[in-house]
Amino acid sequence: MTNKLCEKLLHGKDQHRDIASIALKTIVSEVTTISLSQSILVTLSPQLIKGITSPGLNTDIKCECLDILCDVLHKFGNLMANDHEVLLNALLSQLNSNQATIRKKTVSCIASLAPSLSDDLLCKATVEVVRKLRSKGAKTEMIRTNIQMIGALSRAVGYRFGPHLGDTVPVLINYCTSASENDEELREYSLQALESFLLRCPRDIYSYCHDILHLTLEYLSYDPNFTDNMEEDTDDESHEEEEDDESANEYTDDEDASWKVRRAAAKCLAALIVSRPEVLAKLYEEACPKLIDRFKEREENVKMDVFNTFIELLRQTGNVTKGQIDMGESSPRWLLKQEVPKIVKSINRQLREKSIKTKVGAFSVLKELVVVLPDCLAEHIGSLIPGIEKALNDKSSTSNLKIEALIFTRLVLASHSPSVFHLYIKALSSPVLSAVGERYYKVTAEALRVCGELVRVVRPNIQSFGFDFKSYVHPIYNAIMSRLTNQDQDQEVKECAISCMGLVISTFGDNLKVELPVCLPVLVDRMGNEITRLTAVKAFAVIAASPLLIDLSCVLENVIAELTAFLRKANRALRQATLGTLNSLIVAYGDQIGSSAYEIIIVELSTLISDSDLHMAALALELCCTLMADRKSSPNVGLAVRNKVLSQALTLIKSPLLQGQALLALRNFFAALVYSANTSFDSLLDSLLSSAKPSPQSGGVAKQALHSIAQCVAVLCLAAGDKKCSSTVDMLTDILEDDSSANSAKQHLALLCLGEIGRRKDLSMHANIEATIIESFQSPFEEIKSAASYALGNIAVGNLSKYLPFILDQIDNQQKKQYLLLHSLKEVIVRQSVDKAEFQDSSVEKILKLLFNYCESDEEGVRNVVAECLGKIALIEPAKLVPALKVRTTSPAAFTRATVVIAVKYSIVERPEKIDEIIYPEISSFLMLIKDHDRHVRRAAVLALSTFAHNKPNLIKGLLPELLPLLYDQTIVKVIEKLDLFEPMMQLPYAAYLNACK
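Residues numbered from 1 in each chain as written. Predicted model: local features only at pLDDT ≥ 70, side-chain atom pairs only at ≥ 80, totals over all residues. Heavy atoms only, no water.

Naming follows an unreviewed UniProt entry, where the protein chain appears as Cullin-associated NEDD8-dissociated protein 1 of Salix suchowensis.

See below:
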């Protein structure tokens, strides 16, 4: 069939040719199996090559063959490897065709073939095209085709084109600059090819970026038929009418194609900005002023590309400087801030233009500017207000323009100090409130969001002085109320109206006493609607948190009843919001809510406390604490909590998943329960200790659960007072002094409890408690030894002056207990680093002397503990530790070098710390030990590098060119190092290094 169709295509009549062409294209698109496609390609390929290369065939037949071949290559290029060279030779010969259509289709065919070509054939194709470009006397149209071919190859093969840039880039730049004045297409194609290189071969193009930058800036304003004196720019407001009429008198020339060059230059510059964030400072010096100047571009489509290029510059600035506080003179953010006056001046001119598209583009630039530099427009608000007013009030404005103007208004209101806008509130509020009444729902929704920000600006705090906000209260309220009561509107508008009304009531409630009985029932009604209930719940949370203590007496009972019912709903987001709102309402209006309502809430809360959803459990426990704190006088509330919630809490505490906010909420719950009526300390303590006993059903309690129980016991004791706390400590000490080995589980928990209590309270009044704990180091059970080490360290935190010298002395004198004592010291140091507490200088010197003595220990466990201690002390005293660690990187002892590198690893945490700036200049001293002759040191350096890459990639970015080759060298597995080095290498996700390379 394929043979016959090819015969019809090549030699048939015109009407048959079309049918054959369609049939062959259908076959190519429908065939899916490899075996069938290979049998078809055997007959199809030679016929198509013949159709392309035969000199006697007319242009139409060649075009049809090229179209079919393009589809074939796109889909089956990888299956035609044997024919690649023949196909490539046939197609390259067609680039010399006199017919423009054949050349154009040939370019598409070669681009479809290129991804499946071998590197040699790709090189051959590139060399041939470049040779044709370099040949003197070539026709202009042939040059254009070959430049298009270069760009198409680059887009098709991506990074594989990198090795050929050295031959192609200089040729393209030369053609760009030497082309005749009217040859705009040649320049356009050259710039498009350069844009492709920048995006697809960013590493290989680096050496040419300087030349490309200057080329794009030159052609960004390339307009030989139009000079600046044909357009007089002015900022004078009195000439606004003249500017409005300018488009009517503007120079036009249908044959002028120079705009294509300017557009290509803008896109090429955008590609340079996106691919080279490290040269942002240079771009601000050279490209930014030029881009701002080109906002006046006369061709609208090109102007949009100029806007988009400038937006890319702003986005890259935001990406590169994200999280940076430094605003030095070389910082891109600082350089951008210097340009803000020029940007605003130029944008204001564009906002006075008649073109809607231009205004939309101008607002897009302003939006991105406010996102990157949130407070940069404070001095320019007055000049921007007329543009916003005109965009919102002008009858010719489209919905798209109004939405862009409103989004910018919302962003600028949210990111600047309220006082900046007080002079312009009248001018700004009128068009925004009018927009609330717009028919198109997206405009209305955005206008309502702006109203929310406007409320914050009008009355930034309750004790607002110097600005009379009262005249704006009722206009804003009326505009939102009209939308709130309207049922026939989009869900987005309904939600925005509810949220906005919540803000209005919480901010202006003291000036809306007459209106509250009208609008509050409407919000309650919205709680009954499944679509709007979540938003309404959140609105009541905002109202409840208001310092004005809004009078909710007319709806409070209904609101509490609705919210209590929501706790039974399956919608997680609704339950979550409900718990938060109930908490706020009980804090603010607890005295107006009956105890019966509390008891119903407590019953519902009991079902939410489980480890299946720890976040929900934490919120439910926090609400329980609020209920008990608010109703101390009501015995029923404490009784209800004890009967309904306590059993759930005691089940939750045994969960190995319990951590973070849920564990904190559970600790607070037990502390609050001590104060509540009908609950004794002794019974609570007994319940907690009993929960640690292994049950026949579930077996033993998880290690994490024992730590959770110990923390809750500690909090319970502290809440109960000194007397109860002291008796509990005595009871726990008695358990430790019991020699019965059958009590190992009890002793384990007792040690953990003593540690948690001791961390929070000085236990020095209990004589010899440290000696009692250290006796447990002799236990035959490893978990008891570990718990004793943990307890001793935490008790020392409660009274450093007494217990820290004891631990240090024991480390020196008790060789057999050294490892456990070092763990105790580690607990002290880690807790001090977490709490941001500091040691006395004398203590630091003693600790460091001791730790550095053990750096050469033969036991790896001891060295690891020492390293962690040194790393955590470095977080507390970086100025002392970093130099001390650096000195030891040159120690003759390999174990010492390895230990100090691991110590640096432990000092690098995800959050910003003062050690960051101190260690930054010294990082190479530690990480370059990756080329140390000792495998333990190299392994330590690889682990440290992994930690830097995950937590602080910015610190090692500059060292990557040196470090990466050394790192790759460590992937060569050597017999002796197989386990030690290859394992940490597997812990270095590629994403972490991509992160660092950004």
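That was the structure; now back to the text.
Caption draft 1: Quick peek at the overall build of the protein chain. In terms of helices and strands, the protein chain carries 52 helices and 0 strands. Split into buried and exposed, the 998 residues of the protein chain put 55% on the buried side. Contacts spanning at least 24 positions in sequence make up 74% of the contacts within the protein chain whose residues lie at least 6 apart. Within the structure as shown, the protein chain displays about 44500 Å² of accessible surface, and the carbon and sulfur contribution to it stands at 50%. (Helix = DSSP H or I, 4+ residues; strand = E, 2+ residues; numbered from the N terminus. Buried < 20%, exposed > 50% of the residue type's maximum accessible area, 1.4 Å probe, protein only. Contact = heavy atoms within 4.5 Å. Areas by Shrake-Rupley, 256 points an atom, 1.4 Å probe, with all protein chains shown as cover.)

Caption draft 2: The packing of helix H3 (residues 34-53) against helix H5 (residues 84-94), seen in detail. Two elements in contact, H3 and H5, have axes whose closest approach is 10 Å; the angle formed by their N-to-C orientations is 20°. The angle between the axes of H3 and H5 places the two elements in the roughly parallel class. Our pair here, H3 against H5, has a crossing hand that is left-handed. Two secondary-structure elements touch here, H3 through Ile49, Ile52 and Thr53 and H5 through Val86, Leu87, Ala90, Leu91 and Gln94. Here the residues of the contact of H3 with H5 are counted per class, giving 6 nonpolar, 2 polar and no charged. (Axes fitted to C-alpha atoms, helices over the stretch in contact; angles between N-to-C directions. Parallel < 35°, antiparallel > 145°, perpendicular 65-115°, else oblique. Left-handed = near helix turned anticlockwise from the far one by under 90°. Nonpolar A, V, L, I, M, F, W, Y, C, P; charged D, E, K, R; others polar.)

Caption draft 3: Fine view of the side chain of His748. For His748, the location among the structural elements is in helix H37 (residues 744-760). Setting aside chain neighbours within four positions, we find His748 in contact with Leu706, Glu783, Ile784 and Ala787.

Caption draft 4: Structural context of the nonpolar core. Core analysis: the largest hydrophobic core is formed by 355 residues, its most contacted members being Leu377, Phe669 and Phe670. At 12 residues, the largest contribution of residues to this core is made by helix H30 (residues 614-630). With sequence-adjacent residues up to four places away left out, Phe670 is seen in contact with Leu646, Ala649, Leu650, Ile653, Leu684, Leu688, Cys712 and Leu716. (Core = buried A, V, L, I, M, F, W, Y, C linked by side-chain atoms within 4.5 Å.)

Caption draft 5: Structural detail: the environment of Ile505. Within the element layout of this structure, Ile505 appears in helix H24 (residues 491-508). Its relative accessible area of 0% is what places Ile505 among the buried residues. Linking Ile505 and Ile543, residues 38 residues apart in sequence, is a C-alpha distance of 6.5 Å. The contact partners of Ile505, leaving out residues within four places of it in the chain, are Leu516, Cys519, Leu520, Leu523, Ile543 and Ile550.

Caption draft 6: Structural context of the pattern of salt bridges. Here the structure, examined in full by the defined rule, presents 37 salt bridges. The salt bridge partner of Arg315 is Glu368, with a shortest N-O separation of 3.4 Å. Placement of Arg315 in helix H16 (residues 300-320) and of Glu368 in helix H18 (residues 356-372) is noted, with a sequence separation of 53 residues between them. Residue class for Arg315 comes out partly exposed when judged on its relative accessible area of 40%. What makes Glu368 buried here is its relative accessible area of 16%. Two residues, Lys342 and Glu339, come together in a salt bridge whose shortest N-O distance is 3.8 Å. Here Glu339 and Lys342 lie together in helix H17 (residues 332-351), a separation of 3 residues that amounts to about one turn. Among the residues examined, Lys342 registers a relative accessible area of 49% and is labelled partly exposed. When its relative accessible area of 11% is taken as the criterion, Glu339 is described as buried. (Salt bridge = Lys/Arg side-chain N within 4 Å of Asp/Glu carboxyl O.)

Caption draft 7: Region of the structure containing the environment of Gln711. For Gln711, the position within the fold is in helix H35 (residues 703-720). For the pair formed by Gln711 and Leu666, sequence separation is 45 residues and the distance between their alpha carbons is 9.6 Å. Residues in contact with Gln711, not counting those within four places in the same chain, are Leu663, Arg667, Glu756 and Arg760.

Caption draft 8: Quick peek at the state of the cysteines. Scanning all chains against the criterion turns up 0 disulfides. Not part of a disulfide, Cys123 finds its nearest cysteine sulfur in Cys201, a span of 14 Å. Assessed through its relative accessible area of 31%, Cys123 is described here as partly exposed. Between Cys201, a free cysteine, and Cys209, which holds the nearest cysteine sulfur, the sulfur-to-sulfur gap is 11 Å. (Disulfide = S-S within 2.5 Å.)

Caption draft 9: Molecular detail of the confidence of the model for the protein chain. Chain-level statistics for the protein chain give a pLDDT mean of 86 and a share of 92% at 70 or above. For the stretch residues 232-252, pLDDT sits under 50, and the model shows 24 contacts to residues farther than four places along the chain or on other chains. Note that residues 989-994 has pLDDT below 50 and, in this model, 10 contacts with residues that lie over four places away or in other chains. (pLDDT = per-residue confidence, 0-100.)

Caption draft 10: Representation of the packing of helix H27 (residues 556-566) against helix H28 (residues 572-589) within the structure. Where H27 meets H28, the closest approach of the two axes is 9 Å, and the angle between their N-to-C directions is 145°. Taken as a pair, H27 and H28 cross one another with a handedness that is left-handed. Residue-level inspection shows Leu556, Val559, Ile560, Leu563 and Phe566 of H27 in contact with H28, the latter providing Leu574, Arg575, Thr578, Thr581, Leu582, Leu585 and Tyr589. When grouped by side-chain class, the residues that make up the contact of H27 with H28 number 9 nonpolar, 2 polar and 1 charged.

Caption draft 11: A look at the environment of Glu845. The topology assignment puts Glu845 in helix H42 (residues 841-853). A relative accessible area of 46% means that Glu845 is categorised as partly exposed. With 35 residues separating them in the primary sequence, Glu845 and Lys880 have C-alpha atoms 9.7 Å apart.

Caption draft 12: Up close: unusual backbone geometry. Backbone geometry at Leu549 places phi at a positive 50°, although glycine is not the residue there. Relative to the helices and strands, Leu549 is located in the loop between helix H26 (533-544) and H27. Taking relative accessible area as the criterion, Leu549 reaches 55% and is therefore assigned exposed. Here Asn768, not a glycine, exhibits a phi torsion of approximately 60°, which is positive. Position of Asn768 among the secondary structure elements: in the loop between H37 and helix H38 (769-775).

Caption draft 13: View of the side chain of Asp934. Within the element layout of this structure, Asp934 appears in the loop between helix H47 (923-927) and helix H48 (935-951). With no salt bridge to any partner, buried Asp934 finds its closest opposite charge in Arg897, at an N-O distance of 5.5 Å. For Asp934, the side chain forms a polar contact with the main-chain nitrogen of His936, separated by 2.8 Å. The contact partners of Asp934, leaving out residues within four places of it in the chain, are Ala894 and Arg897. (Lys, Arg positive; Asp, Glu negative; His and termini not counted. Polar contact = N/O pair within 3.5 Å; in protein donor to acceptor, adjacent residues only side chain to side chain.)

Caption draft 14: Examining helix H36 (residues 722-737) more closely. The first and last C-alpha atoms of H36 sit 22 Å apart over 16 residues, in line with the 22 Å expected at 1.5 Å per residue. Among the residues of H36, Cys725, Ser726, Thr728, Val729, Leu732, Thr733, Ile735 and Leu736 are the ones counted as buried. Looking at the buried positions of H36, the neighbouring elements they touch are helix H34 (681-690), H35, H37 and H38. (Expected span 1.5 Å × (residues − 1).)

Caption draft 15: The packing of aromatic side chains, seen in detail. By the definition in use, this model includes 8 aromatic pairs. Ring plane angle 65° and centroid distance 5.1 Å describe the contact between Phe295 and Phe307, whose orientation is recorded as edge-to-face. Highlighted residues: Phe295 in the loop between helix H15 (280-293) and H16 and Phe307 in helix H16, separated in sequence by 12 residues. There is no split in this pair, since Phe295 and Phe307 are both buried. Each ring, one from Phe295 and one from Phe310, has its centre 5.4 Å from the other, and the planes form 85°; the classification is edge-to-face. Residue Phe295 is located in the loop between H15 and H16, and its partner Phe310 is located in helix H16; the two are separated by 15 residues in the primary sequence. As far as burial versus exposure is concerned, Phe295 and Phe310 are alike and both buried. Joined through ring pairs, the aromatic side chains of Phe295, Phe307 and Phe310 make up one cluster. (Phe/Tyr/Trp six-rings, centres within 6.5 Å; stacked < 30°, edge-to-face > 60°.)

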